[in-house]
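Letter by letter, the chains look like this.
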Amino acid sequence: MDLIFGKNKKEQLEPVKAKVTGRIPAWLQGTLLRNGPGMHTVGETRYNHWFDGLALLHSFSIRDGEVHYRSKYLRSDTYNANIEANRIVVSEFGTMAYPDPCKNIFSKAFSYLSHTIPDFTDNCLINIMKCGDDFYATTETNYIRKIDPRTLETLQKVDYRKYVAINLATAHPHYDGAGNVLNMGTSIVDKGKTKYVIFKIPATVPEAKRKGKSPLRLTEVFCSIPSRSLLSPSYYHSFGITENYVVFLEQPFRLDILKMATAYMRGVSWASCMAFHREDKTYIHIIDQRTGKPVPTKFHTDALVVFHHVNAYEEGNCVLFDVIAYEDDSLYQLFYLANLNQDFEENCRLTSVPTLRRFAVPLHVDKDAEVGSNLIKVASTTATALKEKDDQVYCQPELLYEGLELPRINYAHNGKQYRYVFAAEVQWSPIPTKILKYDILTKSTLKWAEEGCWPAEPLFVPAPGAKDEDDGIILSAIVSTDPQKLPFLLILDAKNFTELARASVAVEMHLDLHGLFIPDTDWGAKSQTPAEAPQDEASDGHAAPRA
Ligand SMILES: CC1=C(/C=C/C(C)=C/C=C/C(C)=C/C=O)C(C)(C)CCC1
Ligand SMILES: [Fe+2]
């Protein structure tokens, strides 16, 4: 297992041609760009948690039936400082680290005695975000790193705090039809006003405002929700949107700000400042995008932990939303590297299986409705919303499928009615062994699996002129536990899950987290090489040295 989780992966700077078997559809032209942790030891030091690993970007360029692979570590300030010191000097989710006292860019920022939170990492290892014509590697702190999607070079470091008052932001933004980015973050430093902030970054900058160049400068906050608890805001990894609403789960998996403020002094990790409170409720916030105001009814459900929202949409005066839910926070516990060893099968048993659950929330609650009555009149779901005494509404989900994670959909259906969920199948261990297509309408599944193969998040790419929701292909990077078997990019027909092609590469590939596909038609007008690109004014001036 160490081979897959713990071993530092080599970067593949020169594109390497893959061996293709089968036939790649002629229309599939573009780049699959993905992110995830690739290095877990620096010098003699070791990270504690798999989510701490240094971000390794990789890409598969698919053109005229051929595939080229490359990979490169994100040259974050964190990466550079660690490599220079030859040890881990920047704290990550599960590892608290101490900077080299004499020469380190982070040392100044550690003003822990004044009870402020130290500067967070820019090791953006979770996902890739498209913002206008630009691409960013993302994590959950206030930093994102611009990257060149063709060369995987690291460009400017962007601090969200320059544009919006947040200290944490999700790595899973949404996009509307025009490509505007919608994301959420939490403001934790202003202790009296701990709040969740929903913001929009426009896809383009109008000609009249061109001076500032980066769309980030035009970031607009359209809703702030005060945290229920000022000292312990909810942790969340993603959120949902419908055509008119935002769905935010304030779950009882919370960050403890006071613990965070003293973590550095106490020598404990950020992860130790998070706790699941199973005795509490989960509050469901539905925010109207048109007014920027939350729907006034108080909706709640039982304590749960959700990392990934799948999709949400409106039907018959309700918001329906689908999530992958857990009954506790055991998922984060399992990814401690100490568990991911040869006794992995025993160590890594989830105490709750990730399940696809559908919630239904009524948008208008009849004041005269009887206490105890179900306010959901939508025939397509058995989810209920029960009216309670004090005008609160208690929502109980419909269980759709057990044992799946890393969900993706045909994004053209995001916020709209949809039928298919593509995901990785996981059971009592967090390791995906199969790729899954779940049909919400018929409740049936299609699966792909192969001996010893661990699939990554399956990404759906629509075929040109697609009519059906599943007209397209699935891309997934597969690593194997068999040292004789090369890693490969798998291309499945999304309709029937038959293998169309696979592209094997003789490289050390890492198990990744999330990413996106950039069709060649999307490159936009800008086709500059990074050396020609002007220094964006949104930058903090920390452009990484170019190798
Ligand atoms: C560094 C840091 C954080 C990092 C969290 C990370 C890196 C989470 C990764 C989650 C993943 C990969 C989930 C997959 O389902 C926190 C806790 C937000 C807060 C403090 C600083
Ligand atoms: Fe995620």
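Everything numeric here is computed off the predicted structure, so don't read it as measured data.

**Student:** When you look at the confidence of the model for the protein chain in this model, what are you seeing that I'm missing?
**Tutor:** In low-pLDDT segments, the atomic positions of the prediction should not be examined closely. Of all residues in the protein chain, 88% have pLDDT values of 70 or greater, and the mean over the chain is 90. In the model, residues 102–115 has pLDDT below 50 throughout and makes 27 contacts with residues more than four positions away in sequence or in other chains. Counting contacts from residues 525–547, a segment whose pLDDT is below 50, to residues more than four positions away or on other chains yields 52 contacts. Scoring the predicted complex yields pTM 0.93 and, for the interface, ipTM 0.96.

**Student:** Please explain the sheet that holds strand E9 (residues 127–131) as it appears in this structure.
**Tutor:** Adjacent strands of a sheet form backbone hydrogen bonds with each other and so pair up, either parallel or antiparallel. Strand order in the open sheet formed by 4 strands is E9-E10-E11-E12, with antiparallel pairing between adjacent strands. With partners counted over all chains shown, the strands left at the sheet margins are E9 and strand E12 (154–159), one partner each. Across the sheet, the mean angle separating the axes of adjacent strands is 35° when strand polarity is ignored. Pairing of strand E10 (residues 134–138) with strand E11 (residues 143–147) involves 4 bridges; the strand directions are antiparallel. Each bridged residue has a counterpart across the sheet, and for phenylalanine 135 the counterpart in E11 is isoleucine 147.

**Student:** Can you help me understand helix H1 (residues 77–85) in this one?
**Tutor:** Along an α-helix, a turn takes 3.6 residues, which lines up residues three or four apart on a common side. Residues Asp77, Thr78, Tyr79, Ala81 and Asn82 constitute the buried set of H1. The inward-facing, buried residues of H1 abut strand E4 (37–39), strand E5 (41–42), strand E7 (54–63), strand E8 (66–73), E11 and E12. Positive phi appears at asparagine 86, one or two residues downstream of H1, with a value of about 55°.

**Student:** How do you make sense of the environment of valine 505 when you look at a structure like this?
**Tutor:** Within the secondary structure, valine 505 sits in the loop between strand E39 (499–504) and strand E40 (514–519). Sequence separation between valine 505 and leucine 486 is 19 residues, and the spatial gap between their C-alpha atoms is 6.1 Å. With residues up to four places along the chain from it excluded, the contact list for valine 505 reads Val16, Lys17, Ala18, Tyr69, Leu486 and Pro487.

**Student:** Mind showing me how you'd approach the coordination of the iron ion (ligand 2) here?
**Tutor:** Listed as protein donors to the iron ion (ligand 2) are His172 (NE2), His237 (NE2), His308 (NE2) and His514 (NE2); their distances from the metal cover 2.0 to 2.1 Å. Viewed at the metal, the 4 donor atoms of the iron ion (ligand 2) are separated by angles of 93 to 152°, and the geometry they form is irregular. Going along the chain, you hit the donors of the iron ion (ligand 2) in the pattern H-x64-H-x70-H-x205-H. One end of the pair, histidine 237, is in the loop between strand E17 (220–226) and strand E18 (240–241); the other, histidine 514, is in strand E40, with 277 residues separating them in the sequence.

**Student:** Where do I start with the packing of aromatic side chains in this structure?
**Tutor:** Aromatic ring pairs are reported here in terms of the distance separating the ring centres and the angle at which the planes meet. Enumeration according to the criterion identifies 27 aromatic pairs in this entry. Judged by centre distance (5.2 Å) and plane angle (85°), the rings of phenylalanine 51 and tyrosine 332 are edge-to-face. Pair noted here: phenylalanine 51 is in the loop between strand E6 (45–46) and E7 and tyrosine 332 is in helix H3 (residues 330–334), with a separation of 281 residues, a long-range link. Phenylalanine 51 gets classed as buried once you look at its relative accessible area, which sits at 18%. Tyrosine 332 gets classed as buried once you look at its relative accessible area, which sits at 6%. An aromatic cluster of three or more residues is present, and its members are Trp50, Phe51, Phe93, Tyr235, Phe253, Phe307, Tyr326, Tyr332 and Phe335. A cation over an aromatic ring shows up here: arginine 228 above the ring of tyrosine 283, its NZ or CZ 3.7 Å from the ring centre. A cation over a ring is seen here: arginine 502 above phenylalanine 488, with NZ or CZ 4.1 Å from the ring centre.

**Student:** Please clarify how the nonpolar core should be interpreted in this entry.
**Tutor:** Within soluble globular proteins, side chains that are nonpolar generally end up buried alongside one another. In this structure, Phe5, Ile286, Phe321 and Leu475 are the most contacted members of the largest nonpolar core, which totals 99 residues. With 8 residues, the top contributor of residues to this core is strand E26 (residues 318–326). Among all residues touching leucine 475, those that are not within four sequence positions of it are Leu28, Leu32, Ile62, Glu457, Pro458, Leu459, Val461, Leu489, Leu490, Ile491 and Phe517. Residues Leu33, Leu57, Ala137 and Ile518 belong to the second largest nonpolar core, which totals 16 residues.

**Student:** Help me understand a nonpolar patch on the surface, please; the structure alone is not making it clear to me.
**Tutor:** Taken together, the side chains of Leu230, Leu231 and Leu258 present a nonpolar region at the surface, about 230 Å² in accessible area. Within the secondary structure, leucine 230 sits in the loop between E17 and E18. The exposure class assigned to leucine 230 is partly exposed, which follows from its relative accessible area of 37%.

**Student:** Help me out: how do you make sense of helix H2 (residues 257–266) in this one?
**Tutor:** Listed in full, the buried residues belonging to H2 are Ile257, Met260, Ala261, Thr262, Ala263 and Tyr264. Those residues of H2 hidden inside the fold are in contact with strand E20 (253–255). At the N-terminal end of H2, a side-chain oxygen is found 3.1 Å from the backbone nitrogen of leucine 258, two or three residues along, and the residue is aspartate 256. Positioned one or two residues after H2, glycine 267 has a phi angle of 70°, which is positive.

Cut-off values and rules
Residues numbered from 1 in each chain as written. Chains lettered and ligands numbered in written order. Predicted model: local features only at pLDDT ≥ 70, side-chain atom pairs only at ≥ 80, totals over all residues. Heavy atoms only, no water. pLDDT = per-residue confidence, 0-100. Contact = heavy atoms within 4.5 Å. Pairing = 2+ DSSP bridges. Helix = DSSP H or I, 4+ residues; strand = E, 2+ residues; numbered from the N terminus. Axes fitted to C-alpha atoms, helices over the stretch in contact; angles between N-to-C directions. Buried < 20%, exposed > 50% of the residue type's maximum accessible area, 1.4 Å probe, protein only. Donors = N, O, S within 2.8 Å, 3.2 Å for Na, K, Ca; no water. Tetrahedral: all angles 85-135°; square planar, octahedral: opposite > 155°, others 65-115°. Phe/Tyr/Trp six-rings, centres within 6.5 Å; stacked < 30°, edge-to-face > 60°. Lys NZ or Arg CZ within 6 Å of the ring centre and 35° of its normal. Core = buried A, V, L, I, M, F, W, Y, C linked by side-chain atoms within 4.5 Å. Patch = residues over 30% accessible without salt bridge, like charges linked within 9 Å, V, L, I, M, F, W, Y side chains within 5 Å. Areas by Shrake-Rupley, 256 points an atom, 1.4 Å probe, with all protein chains shown as cover. Salt bridge = Lys/Arg side-chain N within 4 Å of Asp/Glu carboxyl O. Polar contact = N/O pair within 3.5 Å; in protein donor to acceptor, adjacent residues only side chain to side chain.

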